[in-house]
Structures are given as C-alpha cells and as structure tokens.
Amino acid sequence: MAVSATLQKAIDLVTKATEEDRNKNYEEALKLYESGIEYFLHALKYETQGEKAKDSIRSRCTQYLERAEKLKEYLKNGKNKKKPVKAGESNSKNDDKKNDSDDDGDDPEAKKLQNKLEGAIVVEKPCVKWSDIAGLEGAKEALKEAVILPIKFPHLFTGKRIPWKGILLFGPPGTGKSYLAKAVATEANNSTFFSVSSSDLVSKWLGESEKLVKNLFELARQHKPSIIFIDEVDSLCSSRSDNESESARRIKTEFLVQMQGVGTDNEGILVLGATNIPWVLDAAIRRRFEKRIYIPLPEEHARLIMLKQNLGNTYHVLTEVDLKTLAAKTEGYSGADISIVVRDALMQPVRKVQTATHFKRISGPSRSDPNVIVNDLLTPCSPGSPGAAEMSFMDVPSDKLLEPPVSMSDMLRSLATSKPTVNDDDMKRLDKFTMDFGQEG
C-alpha cells in the first residue's frame, strides 16, 4: 500500500475512533485507535517527504497513543471508575454536559495545532529595555499606553476608555520595529508574548492554515493578557485579489474574523504588527490596526547614541567631536546601517594586524583590567618606525598582541564603503502612507 493511502487509512480509522470515543463506546474506540496507530507507524516507516512530514505523523501518533492508553487503563480498572477524561477536563457530574459540548474544542486535532503554536510563545525575555532604544519616543509611549498601563493600572481602563487592540509599526528596514517588539516582550512582565511569522501559520495541508490562525487567538485568550507580534505582517495580509489562491484568502478572512469579528472577545489581547511595505496591506486589515505608527530613519541625536552603543567598550580614540561629526555624516542611514558601519570600522585594526610586516614593543592596557598598564606588548607599525622588528602576526604570542585603537580614519573608511540601504522612492511611498493613514513615531 502506498504511503499516502496508508496515511489516509490511518486518518479514517482515528476519525471513527474519535466519534466512538465521543459516543462513549470506549471498547470500539480503543480498537480503532490501535488500528489507526499501526497504520500511522507503517506510514512513518516508509515516509519519504522529509522530516517535517515525519514529525507531523509522529505528533499525531503520540496524541492518539496517549488517548488509547487512557482508554485501556479505564477498561482494565472497570467501568465503575471515573470517565477517562482528557487533560484539562473535569470529572464532576455537573460538568459532564459541558464537556460533551466542548469535545470539539478539546479534540486531538485542536490540541496538536495549539501544541505547534506554543513554540511561538517567548519564554526567555530578550532583555531589551526602553532605554536601550535610541529615539522613537512617540512609538515607545504608544506601546506603553497599549501594553504596560492596562496591566499595571487596570482601573484606568474602564467604561468607554479601553486600551488599543491593534498597533501597526511601519517604516524603512532596519529602523527598530522588531527591536521595539523585543522591548515590549521584556517590559510586559505579566503578559504572554507570542512571536509569529508566516512559517508558523501557513501549512501545506488544506484547511490547516486558518485553523492555526484561529488556535493562535484561542491560545492567546487562554493566556491573557497576551501580545501577538506578527513580523512582516504583509506576507500574510496583503490586499485581496482575484488572482490569489483560495488558501491565502481563507487565512486573511480568518485574521479579519479573529481580530474583530462577531462573537470574538479580544479583551486583554494586543495584536502588534510590523512591516516595511504597509501600502500592500489589505484595507480591512489596515483598519483593524487602530494605531499605525511610523518608525522613521533615526535623527542626528539618535544616530549619535547608536554610534556610542555599537562602539561599546572597544578600544578606540574617538572624541565626542568625532562622534558628532560621524552622526552628521550618516544622514539617511538606518539603525542597522549604522551598526554595519561601526562593525566594519571595528574590523579595521584586525586587518592592520593581519597585513602588518613589522611590530614594535609598547606599553598598553591589560586584557583583564584596562586600568592596569602592561609593558612588553607588540603592536603593528610601519617598517621605518623606531624599534620596528620584522615579523608577521603569526610570530606574535597571543597574550602579547595589542591591536591599534579604532580611529576616526577607520570610521571614515568604513563610511565610504558602506552605503545606506533605504532609497528615496521607498521613503516617498512611506511618507505618503503616513500622511494618509499613519502617525509619526
């Protein structure tokens, strides 16, 4: 039997088993579960479509195996025992009716989808504070207003005063949209932070993508207060057209319903989106992002802070005047562009060490304690420099090398070779979108 046919047979068997399980025909359900598991294992053995397909089969097999074990234990101990409930269900008689009606929400398929999405929950905080972000005061205030204040002072948001449900961060690449999301994840201590992308929500199986979207919001409701961060939201929610696939349209429809549809309760849930091309978003999705904040290229004072942050405690001889000059020269550079310029400049002393033909002995700061001066260190120099000895970097002991400090000439050389990544056409389109739909960050 072909793998696809075997897999389909397994699915048919466990579907029947689930129906018998719901009808409390536990003996028949157990037989069907066991037969289905055998077919799943056979399909797993001969699966050739890669690890992802195998993981999907293993996941199903594990879930149905756990359920079969519960039924087997129940039947072995006698039917006078309590009903073999699933995780999270109640044994009380008062809840029997409720459990029967909620079986649909607790079936193995839904559990599988939610388990898949639990990987999107950010458990370890990124340790990015508001103070680590240079500039963007308007964006930070809007996020505090939407995330921090409702949790810390819930009494402020009563009656008609309700916190924002959707915030869209848009702007050129490399301006700190994802960095702001990391700060939200760090600062919102009592919230559950979901970081999702298209790879988490798009599936090759028919109908599974929209189920993943639905289960994402259901999971967020279970763990509220929650923040759902969707990076590059344009990849999921671009404008609807007649030429798009049916699956893409269903994903967008499910997003629209879950974000603001009839019967959906999104109290305590914030949807935070980020995109570089906001003009491609569907109009209905754009409306559901109540606050649309433009994250612009950094201003001069913010670029100065970024230069200092990226230099850190690296050995350099740049003065405050040098850094202000560089901040003025980096007009039009994004935060990511400035980081690349500084990283390239930090490599210039390493290149000098690598290409040097002569070294000389000098005194310099200790590696373990910069305040302690150590003698007999070696640093690259020109052949005509006093005390120059001909050698390569391979001849220098590792604990004796003192690299040259990063200088203004190193920064200017890197600046000359590193160009900004944002062009004027993109900036014009972003400015027009901000004028039509957004607000300055």
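- Per an unreviewed UniProt entry, the protein goes by the name vesicle-fusing ATPase and belongs to Sipha flava.
- Under the UniProt heading Subcellular location (unreviewed entry), the note attached to the protein is "Late endosome membrane".
- We quote the UniProt Sequence similarities (unreviewed entry) comment for the protein here in full: "Belongs to the AAA ATPase family."

### Description of the sheet that holds strand E8 (residues 389-390)
Phase 1: If you walk across this open sheet you meet the three strands as E7-E6-E8, and the pairing is antiparallel. Because the sheet does not close on itself, it has two edges, and the strands there are strand E7 (373-381) and E8.
Phase 2: Relative to E8, strand E6 (residues 358-365) runs antiparallel, the two sharing two bridges. Along E8, the bridge assignment pairs His358 with Glu390.

### Focus: the nonpolar core
Phase 1: Core analysis: the largest hydrophobic core is formed by 32 residues, its most contacted members being Leu201, Ile228, Ile230 and Phe255.
Phase 2: Going through the elements one at a time, strand E1 (166-170), strand E2 (192-196), helix H9 (208-222), strand E3 (226-231), helix H10 (246-260), strand E4 (269-275), helix H11 (283-288) and helix H16 (424-437) are the ones with two or more residues in this core.
Phase 3: Residue contributions to this core peak at six residues, all from H9.
Phase 4: Formed by 25 residues, the second largest nonpolar core is a distinct cluster that contains Leu143, Val147, Val184 and Ile227.

### Things to note about the packing of helix H12 (residues 300-311) against helix H14 (residues 335-355)
For any two helices packed against each other, one specifies the inter-axial angle together with the distance between the axes.
Phase 1: Packing of H12 against H14 brings their axes to within 9 Å, and their N-to-C directions diverge by 40°. Between H12 and H14, the angle is such that the two are oblique. Crossing hand, H12 versus H14: right-handed. On H14, the residues that touch Arg303, Met306, Leu307, Asn310 and Leu311 of H12 are Gly335, Ile338, Ser339, Val342 and Leu346.

### Observations regarding the pattern of salt bridges
If the charged atoms of two oppositely charged side chains come close together, the side chains can form a pair.
Phase 1: Tallying each qualifying case throughout the model produces 13 salt bridges.
Phase 2: Arg303 is the salt-bridge partner of Glu331, the closest N and O atoms lying 3.2 Å from each other. Taken as a pair, Glu331 in the loop between helix H13 (320-329) and H14 and Arg303 in helix H12 lie far apart in primary sequence, 28 residues in all.
Phase 3: Classification of Glu331 as exposed rests on a relative accessible area of 60%.
Phase 4: One salt bridge connects Arg351 with Asp344, and the closest N-O pair in it is separated by 3.0 Å.
Phase 5: On the basis of relative accessible area, Asp344 is assigned to the buried category, the value being 19%.
Phase 6: Connected through shared salt-bridge partners, Lys352, Asp410 and Arg413 make up one network.

### What to know about the packing of helix H6 (residues 137-152) against helix H7 (residues 177-187)
Phase 1: Running from N to C, H6 and H7 point in directions that differ by 35°, and their axes come no closer than 11 Å. When you trace H6 past H7, the crossing you get is right-handed. For the pair formed by H6 and H7, the contact residues are Ala139, Lys140, Leu143, Val147 and Ile148 on the first element and Leu180, Val184 and Glu187 on the second.
Phase 2: Split by residue class, the contact of H6 with H7 holds six nonpolar, no polar and two charged.

### Some words on the packing of aromatic side chains
Phase 1: A full pass over the atoms with the stated rule returns seven aromatic pairs.
Phase 2: When the ring of Phe217 is compared with that of Phe255, the centres are 6.3 Å apart and the planes differ by 85°; the resulting orientation is edge-to-face. Highlighted residues: Phe217 in helix H9 and Phe255 in helix H10, separated in sequence by 38 residues. Each member of the pair Phe217 and Phe255 is classed as buried.
Phase 3: Within the aromatic cluster, the residues linked to one another by ring pairs are Phe170, Tyr294, Phe433 and Phe437.
Phase 4: Its end group placed over the ring of Phe437, Arg286 keeps NZ or CZ at 3.8 Å from the ring centre.

### Concerning the side chain of Asp344
Phase 1: Within the fold, Asp344 resides in helix H14.
Phase 2: In contact with Asp344, not counting residues within four places along its chain, are Arg351, Ser414 and Thr417.

### Some details on the pairing of E4
Phase 1: A large share of E4 lies buried, amounting to seven of its seven residues.
Phase 2: Side-chain alternation along E4 places Ile269, Val271, Gly273 and Thr275 on one buried face and Leu270, Leu272 and Ala274 on a second face that is also buried.
Phase 3: Where E1 and E4 come together, five bridges link them in parallel fashion. Bridge pairing in E4 links Gly166 to Val271.
Phase 4: Of the pairings in the sheet, the one linking E3 to E4 comprises six bridges and is parallel in character. Each bridged residue has a counterpart across the sheet, and for Ile227 the counterpart in E4 is Leu270.

The rules we used
Just so you know, the residues in each chain are numbered from 1, in the order the chain's sequence is written. Local features in this predicted model are restricted to residues whose pLDDT is 70 or higher, and side-chain atom pairs enter the listing and the counts only when it is 80 or higher, whereas totals over whole chains, interfaces and linings include all residues. By convention in this description, side-chain values take in all heavy atoms of the structure and omit both hydrogens and water. UniProt positions are given in the numbering used here, feature names are shortened, and annotations may be inferred rather than shown by experiment. Strands qualify as paired when DSSP identifies two bridges or more between them. Put simply, DSSP H or I for four residues or longer makes a helix, DSSP E for two residues or longer makes a strand, and each gets a number counted from the N terminus. We call a set of buried Ala, Val, Leu, Ile, Met, Phe, Trp, Tyr and Cys residues a nonpolar core when their side-chain atoms join them within 4.5 Å. Here's how the labels work: a residue is buried when its accessible area is under 20% of the maximum for its type, exposed when over 50%, partly exposed in between, all with a 1.4 Å probe on protein chains only. Under this scheme, a helix contributes an axis fitted over its contacting stretch, all axes are lines through C-alpha atoms, and angles between N-to-C directions fall in the 0 to 180 degree range. An angle below 35 degrees is treated as roughly parallel, one above 145 as roughly antiparallel, one from 65 to 115 as roughly perpendicular, and anything else as oblique. By convention, the crossing between two helices is left-handed when the near helix turns anticlockwise from the far helix through less than a right angle, and right-handed when the turn is clockwise. Any pair of residues with heavy atoms lying within 4.5 Å of one another is described as a contacting pair. The working definition used for a salt bridge is a side-chain nitrogen of Lys or Arg within 4 Å of a carboxyl oxygen of Asp or Glu. All amino acids are sorted into three groups, where Ala, Val, Leu, Ile, Met, Phe, Trp, Tyr, Cys and Pro are nonpolar, Asp, Glu, Lys and Arg are charged, and the leftover types, Gly among them, are polar. For Phe, Tyr and Trp, rings pair up if their centres lie within 6.5 Å, where Trp contributes its six-membered ring, and each pair is then called stacked (planes under 30 degrees apart), edge-to-face (over 60) or tilted (otherwise). Cation placement over rings: the criterion is NZ of Lys or CZ of Arg within 6 Å of the ring centroid and within 35° of the ring normal.

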